[in-house]
Amino acid sequence: MHFVNAKSILSAKNGMNLYRGCSHGCIYCDSRSKCYHMDHAFEDIEVKANAIELLEDALKRKRSKCMLGTGSMTDPYIPLENEIGNVRKALALADQYGFGFTLITKSDRVLRDLDLLKSIHDKTKCVVQMTLTTFDEGLCKKIEPNVSTTKERVAVLKKLRDAGIPTVVWLSPILPFINDTEENIRGILEYCIEAKVYGVICFGMGLTLREGNREYFYSQLDRLFPHLKEKYIQTYGMQYQISSPRNDMLMKIFHQLCEDNGILHDNHKIFEYLYSFEEKSKYVQLNLLDYL
C-alpha cells in the first residue's frame, strides 16, 4: 500500500473512493481498465491519508442532507480496511451528521460495522449492496479468489435482513460460457428470495471488456479455463460489451422470478431508491402507563 493526500473526497453524486486498487483478485474486474488512470499496480492499494478530514469538512458544509456512497471502484472491505478503518470512520461521520449511506461489497467484513449501519438506518436510510455472480462455490473461488464465498455473502444478506437493513444485489457479471446457465441464475435468485432483498440490479447477461481489464481477464482464462480465450476472441473480437448467447432466455427468467417474488428488478427504480435521501420522522413514543 501507499499513501496520498487527496484534494477532495466526494464526487458530484456524493460517492467516494476511500481506497484505489484492490486485492480481491476477481478475474473480470472493470476497475483495472486503463481509462480510470490508475498509475500504480492494481494490488498496491492507494490510501487517501486525509480522506476522513476531507469528508468531515464536506459534510459540515453541505446545505442539505443526502445519501453518501462508496464501493463502485474499490470494494470498501478489502483486508486493509481492518488496519486503516476508513470505512468505519466514514460511516461514523455519516451517523454523526445525519447523512444516509449505501455501499457495495463482496465481503462479510461489512458485519463488523452493523452497529453503525443500524444507527444510520434508524435516522435515515442505509442500504448494503452485495454482488453475487455464481451459485457454484467452487467456481466462485476460481473467479473471485480472495473474497467471501457466495454462501458467506448470502449469510450476510440474511443477517442484514434480520437487522432491518435493506439490501440490493448486483447480478453481475455473468461470464459467457462460464456462469451463464439457467441453473446459476435460478440459484442466485433463490438466495435473493430467501434473503428478502429489496431489489436486484442486472444490466444483462454478460460483462464489459476494455483495455486493461481485457488483458488481465484473458490471462486468467488461460490459467483457469484453457482454450476459452480463443473462443472469446473468435466470438467477440475486441467488443467492449460482451453479451451471452443465452442473454434473452436468461433475462426472461430473471425478470419473471423477481416479479413473482416481489423483488424490484427495474434498474432505474432501484437507483432512484438508492440515492434518494429519506429522513425518518422524529416522534416520542408514549407509554401506555402515561394514560393510566
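Attention in this report is confined to the structure presented alongside it. Please read all numbers here as calculations on a predicted model, not as lab measurements.

**Quick look at the sheet that holds strand β1 (residues 2-4)**
- Pairing is mixed across the open sheet formed by three strands, whose spatial order is β1-β4-β3. Each of the sheet's edge strands pairs with one partner strand only, and the pair in question is β1 and β3 (19-20).
- As judged from the three bridges shared by β1 and strand β4 (residues 46-48), these two strands associate in the parallel manner. Along β4, the bridge assignment pairs Val-4 with Lys-48.

**Let's talk about the environment of Leu-18**
- Secondary-structure assignment places Leu-18 in the loop between β2 (15-16) and β3.
- As a C-alpha pair, Leu-18 and Ala-90 span 72 residues in sequence and 8.9 Å in three-dimensional space.

**Observations regarding the nonpolar core**
- Grouped together as the largest cluster of nonpolar side chains are 65 residues, with contacts concentrated most on Phe-101 and Val-200.
- Every residue in contact with Phe-101, bar those within four places of it in the chain, is listed here: Met-16, Met-67, Leu-68, Thr-70, Ala-90, Leu-91, Ala-94, Ile-120, Lys-125, Cys-126 and Val-127.
- Core analysis: the next-biggest nonpolar cluster, separate from the first, contains 19 residues, Leu-175, Leu-209, Tyr-236 and Ile-242 among them.

**Here's the deal with the pattern of salt bridges**
- Going through the model one piece at a time under the given rule, you end up with 16 salt bridges.
- A salt bridge links Lys-34 to Glu-211; the shortest N-O distance between them is 3.4 Å. In this pair, Lys-34 sits in the loop between β3 and β4 while Glu-211 sits in the loop between β10 (206-208) and α8 (213-224), placing the two residues 177 residues apart along the sequence.
- Judged by relative accessible area, which is 45%, Glu-211 ranks as partly exposed.
- Here Asp-113 makes a salt bridge to Arg-112, at a shortest N to O gap of 2.8 Å.
- Looking at Arg-112, the relative accessible area reads 35%, which means it is partly exposed.
- One continuous salt-bridge network, built from bridges that share partners, spans Glu-81, Arg-88, Arg-112, Asp-113 and Asp-115.

Conventions we followed
For every chain, the first residue of the written sequence is number 1, and numbering continues from 1 along that sequence. Totals for whole chains, interfaces and linings use all residues, but because this is a predicted model, local features are given only for residues with pLDDT of at least 70 and pairs of side-chain atoms are given and counted only at 80 or more. The side-chain values count all of the structure's non-hydrogen atoms but skip hydrogen atoms and water molecules. Two strands are said to pair when DSSP picks up at least two bridges between them. Think of it this way: any DSSP run of H or I at least four residues long counts as a helix, any run of E at least two long counts as a strand, and we number them from the N terminus. Put simply, buried Ala, Val, Leu, Ile, Met, Phe, Trp, Tyr and Cys residues joined by side-chain atoms within 4.5 Å make one nonpolar core. To sort residues, take the accessible area from a 1.4 Å probe on protein chains only and compare it with the maximum for the residue type: under 20% means buried, over 50% means exposed, and anything in between is partly exposed. Note on definitions: a residue-residue contact is assigned when non-hydrogen atoms from the two residues lie within 4.5 Å. Here, a salt bridge means any side-chain nitrogen of Lys or Arg that lies within 4 Å of a carboxyl oxygen of Asp or Glu.

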